[in-house]
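# Architecture at a glance
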Amino acid sequence: MDMFLGCKDLSVRFYNRSEKILNNITLSIHKGEKVLILGPSGSGKSTLISTLAGIIPEYMEAEVTGQVFLRENVGVMFQDPDSQFCMLHVDEEIAFSLENRSIPRSEMDEIISYLMNQVGLKIDKKTSIETLSGGMKQRLALACLLALEPEVLFFDEPTAQLDPAGRKEIFELLHNLSQKTNQTMVFVEHVLDGCIEWMDRVIMINEGGRVIGDGKPVDILRHFNNEMKKAGIWRPKLFPYKWSEVIENPSHPLSIKLSKELETKCQVKTREYGNENPIIYTEDLEIGYGKKSIVKDINLVIGKGEWISIVGENGSGKSTLLKSLIGLEPINKGKIYIQGKDLKKWSDRELFERAGFVFQNPELQFLADTVFEEIAFGGRQRNWPKESIHAKTKKLLQEFGLEAYQNEHPLTLSLGQKRRLSVATMLLFDQVLLLLDEPTFGQDEKTASELIKKLKERQEQGTTIIMVTHDMDLVDHYSDQVLLLNKGKVVYQGTPYGLFSDEALLWETKIIPPLHYQLMHARRERVLV
């Protein structure tokens, strides 16, 4: 019997690397299967699905050995849907896929309507793509793939850039689609909750690009827990348990664990932040894109040494606010003061001696031709002694697991490695202020934990951390205060406990709190009923 999809003794090496990224992988994926591929950052997960999809070596050059069994018609959804779009409007983008199948123009409108309905894209067909939210863009990307009638759908972290509510919607959409069509699907994902529950198989790859586990999700979690922890793979917070069991049974092991976490949070004292030694404060700040306002009446006071998290739905203005605070985006109205001095009166050199910024897209800040020079760049610009630059750069390379890649070009790194490099470049200095846009985005659990630990050390030394994130567990564990943006306003500024305890506000702003708060709300509702 012919193999539907898979590979035998597959190894892949990119021509700019001496070592193989995939090593002797043999897999067979059956028609209709839903398969999840797990592994630490840089283990070759994306390379594997790109090879199975036929992108490597046809469109991305690499040395490929072994056998690969491809399907003729496949669809691939990447992390960034914008990279897949080539038209301006929704209907034009879907029509582009239909044209590739030579569908007559007279039949397209009906098919476009059907596909938009199938993926829950309930908007006008003529809507401009650039106005869509992240979740809507992923729905459009899926509609375009379905228009091709693929035999296999590959997903490379399709929810990586979405907020938790958007992630939940996309996973539910894909689950429903898989049940209706029995579509073959292959996933690479970092966040497993909402996805692993309906997978048929989990394949685990180690940092050497070898398969170390292949089986049913429950079996992989049970038998490879230590390996997953060592590899830095995020474990699901709920699966294999069922939420109803946790709520109804106070003696359930997860219920006990969550109740203890909640008790710890209840003991946190609410206090006012930012009034002593403010490093940043704003007066009636208004931010936006050009003349278009996004958020108005922002009056913040952020104290020295605090950890601030900025949260909210995709498109709520989080990243724009973060950039505005350091002058990377112009403001529409109001004032920003850093260390008591109007932001407009700081020279760029003076300001960036005191403040560092890590972009959501790491590639936007890379300037050098090697990883070593990227970290060393700031020191060279400031005419540091060569010995000091070399010692500090080597230390950061080691701390961030980038020593083996010090001579590689930054753009050849994996997404997780690029993120680590972008943070490392900022930690070369001893700035009093660090602003980070999704610092744990695309990271495995081990790397994310180590990165946050380093930021915590900086905070304890007096550095103020301002962070945009969708990770509510991160917010809960590390933040002194949270800023919640919604519908053009700062609707909450206070402790994480205060935010996550307010069920009405959570519902209104589509914030999904950590699991222990969800348990608190669920049990409260049972009592009320």
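Bear in mind that the values here come from a model prediction, so they are computed numbers and not experimental data. (Residues numbered from 1 in each chain as written. Predicted model: local features only at pLDDT ≥ 70, side-chain atom pairs only at ≥ 80, totals over all residues. Heavy atoms only, no water.)

### Some points on the overall build of the chain
On a plain count of helices and strands, the chain comes out with 20 helices and 20 strands. Computed over its C-alpha atoms, the radius of gyration of the chain comes to 24 Å, within 12% of the 24 Å expected for a compact globule of 529 residues. Principal-axis analysis of the C-alpha atoms gives the chain an extent of 70 × 65 × 55 Å. Counting over 529 residues, the chain shows a buried share of 53%. (Helix = DSSP H or I, 4+ residues; strand = E, 2+ residues; numbered from the N terminus. Rg over C-alpha atoms; globule rule 2.2 N^0.38 Å. Buried < 20%, exposed > 50% of the residue type's maximum accessible area, 1.4 Å probe, protein only.)

### With respect to the packing of aromatic side chains
Considering all chains together, one arrives at 8 aromatic pairs under this definition. Their ring planes at 55 degrees and their centres at 6.0 Å tell us that Tyr497 and Tyr517 sit as a pair that is tilted. You can see Tyr497 sitting in helix α18 (residues 496–501) and its partner Tyr517 sitting in helix α20 (residues 515–528), a full 20 residues away along the chain. Residue Tyr497 is classed as partly exposed on the basis of its relative accessible area, which comes to 25%. Here the aromatic cluster, defined as three or more aromatic residues joined through ring pairs, consists of Phe155, Phe187 and Trp198. The ring of Phe429 carries Arg382 above its face, with NZ or CZ at 4.3 Å from the centroid. (Phe/Tyr/Trp six-rings, centres within 6.5 Å; stacked < 30°, edge-to-face > 60°. Lys NZ or Arg CZ within 6 Å of the ring centre and 35° of its normal.)

### Here's the deal with the domain arrangement of the chain
A common way to express how large an interface is: the accessible area buried when the components associate. By the assigned domains, the chain splits into domain 1 (5–244) and domain 2 (278–525). The gap between the C-alpha centroids of domain 1 and domain 2 is 28 Å. Taken together, the 26 residues of domain 1 in the interface contact 26 residues of domain 2. Across the interface of domain 1 and domain 2, roughly 2,200 Å² is buried in total on both sides, 54% from carbon and sulfur atoms. Counting the surface domain 1 buries against domain 2, the share from its top three residues, Arg17, Trp234 and Trp243, is 26%. Inspection of the region where domain 1 meets domain 2 yields 3 salt bridges. The partner of Asp473 in a salt bridge is Lys237, with the nearest N and O atoms 3.5 Å apart. There are 2 residue pairs in polar contact (both at pLDDT 80 or more) connecting domain 1 and domain 2. (Domains from an automatic or database assignment. Contact = heavy atoms within 4.5 Å. Buried area = accessible area lost by both parts, 1.4 Å probe. Salt bridge = Lys/Arg side-chain N within 4 Å of Asp/Glu carboxyl O. Polar contact = N/O pair within 3.5 Å; in protein donor to acceptor, adjacent residues only side chain to side chain.)

### Observations regarding the sheet that holds strand β16 (residues 355–358)
Here we have 6 strands laid out as an open sheet, ordered β16-β17-β18-β13-β19-β20, and mixed in their pairing. Either end of the sheet is taken by a strand with one partner, and the two such strands are β16 and β20 (489–494). Shown here is a sheet whose adjacent strand axes are inclined to one another by a mean of 15 degrees, direction ignored. Of the pairings in the sheet, the one linking strand β19 (residues 481–486) to β20 comprises 5 bridges and is antiparallel in character. Within β20, the residue paired with Leu483 across the bridge is Gln493. (Pairing = 2+ DSSP bridges. Axes fitted to C-alpha atoms, helices over the stretch in contact; angles between N-to-C directions.)

### Some words on the nonpolar core
One finds Leu36, Ile94, Leu140, Leu142 and Phe187 to be the most contacted residues of the largest nonpolar core, which totals 48 residues. Here this core gets 7 residues from one element, more than from any other, and that element is helix α5 (residues 134–146). Each residue touching Leu36, except ones within four places of it in the same chain, is listed here: Phe187, Glu189, Leu192, Cys195, Ile196, Met199, Arg201, Val202 and Ile203. (Core = buried A, V, L, I, M, F, W, Y, C linked by side-chain atoms within 4.5 Å.)

### Considering the environment of Leu70
Relative to the helices and strands, Leu70 is located in the loop between β4 (63–69) and β5 (74–77). Taking the C-alpha atoms as reference points, Leu70 and Gly54, separated by 16 residues in sequence, lie 6.7 Å from one another.

### Remarks on the packing of helix α13 (residues 371–381) against helix α14 (residues 386–399)
Running from N to C, α13 and α14 cross one another at 135 degrees; their axes reach a closest spacing of 9 Å. Here α14 runs oblique to α13, going by the angle between their axes. You can see that α13 and α14 cross each other, and the crossing is right-handed. On α14, the residues that touch Val371, Phe372, Ile375, Ala376, Gly379 and Arg380 of α13 are Ile389, His390, Thr393, Lys394, Leu396 and Leu397. Broken down by class, the residue content of the contact of α13 with α14 amounts to 7 nonpolar, 3 polar and 2 charged. (Parallel < 35°, antiparallel > 145°, perpendicular 65-115°, else oblique. Left-handed = near helix turned anticlockwise from the far one by under 90°. Nonpolar A, V, L, I, M, F, W, Y, C, P; charged D, E, K, R; others polar.)

### Remarks on the packing of helix α3 (residues 90–100) against helix α4 (residues 105–118)
Between α3 and α4, whose axes approach to 10 Å, the crossing angle comes to 115 degrees. For the pair α3 and α4, the crossing hand works out as right-handed. Along the contact surface, α3 presents Val90, Asp91, Ile94, Ala95, Leu98 and Glu99, while α4 presents Arg105, Met108, Ile111, Ile112, Leu115 and Met116. When grouped by side-chain class, the residues that make up the contact of α3 with α4 number 9 nonpolar, no polar and 3 charged.

### Some details on the side chain of Ser43
Here Ser43 shows up in the loop between β3 (34–38) and α1 (45–52). When its relative accessible area of 0% is taken as the criterion, Ser43 is described as buried. Within the structure, Ser43 has its side chain in polar contact with the backbone oxygen of Pro40 (distance 2.8 Å). When neighbours within four sequence positions are excluded, Ser43 is seen to be in contact with Ile21, Leu22, Ile205, Asn206, Glu207 and Gly209.

### Focus on the sheet that holds β4
Across the sheet, which stays open at both edges, the 3 strands sit in the order β2-β1-β4 with antiparallel pairing between neighbours. Every interior strand has two partners, whereas the edge strands, β2 (22–29) and β4, have only one. Pairs of neighbouring strands in the sheet enclose a mean axial angle of 5 degrees, with direction left out of account. Strands β1 (5–13), β2 and β4 of the sheet are contacted by α1, whose axis makes an angle of about 125 degrees with β1.

### Side note on the state of the cysteines
Counted according to the given criterion, the structure contains 0 disulfides. Left without a disulfide partner, Cys144 is nearest to the cysteine sulfur of Cys86, which lies 8.3 Å away. Lacking any disulfide linkage, Cys195 is separated from the closest cysteine sulfur, that of Cys7, by 20 Å. When its relative accessible area of 0% is taken as the criterion, Cys195 is described as buried. (Disulfide = S-S within 2.5 Å.)

### Describing the side chain of Lys454
As for its placement among the helices and strands, Lys454 is situated in helix α16 (residues 445–460). Beyond its immediate chain neighbours, meaning those up to four positions away, Lys454 contacts Glu399, Phe400 and Leu427.

### Re the pattern of salt bridges
Considering all chains together, one arrives at 21 salt bridges under this definition. Of the charged contacts in the structure, one is a salt bridge between Arg380 and Glu373, with a shortest N-O distance of 2.8 Å. When its relative accessible area of 36% is taken as the criterion, Arg380 is described as partly exposed. You can call Glu373 partly exposed: its relative accessible area is 28%. Residue Glu399 is joined to Lys395 by a salt bridge in which the shortest nitrogen-to-oxygen separation is 2.5 Å. Placement of both Glu399 and Lys395 in helix α14 is noted, with a separation of 4 residues, approximately one turn of the helix.

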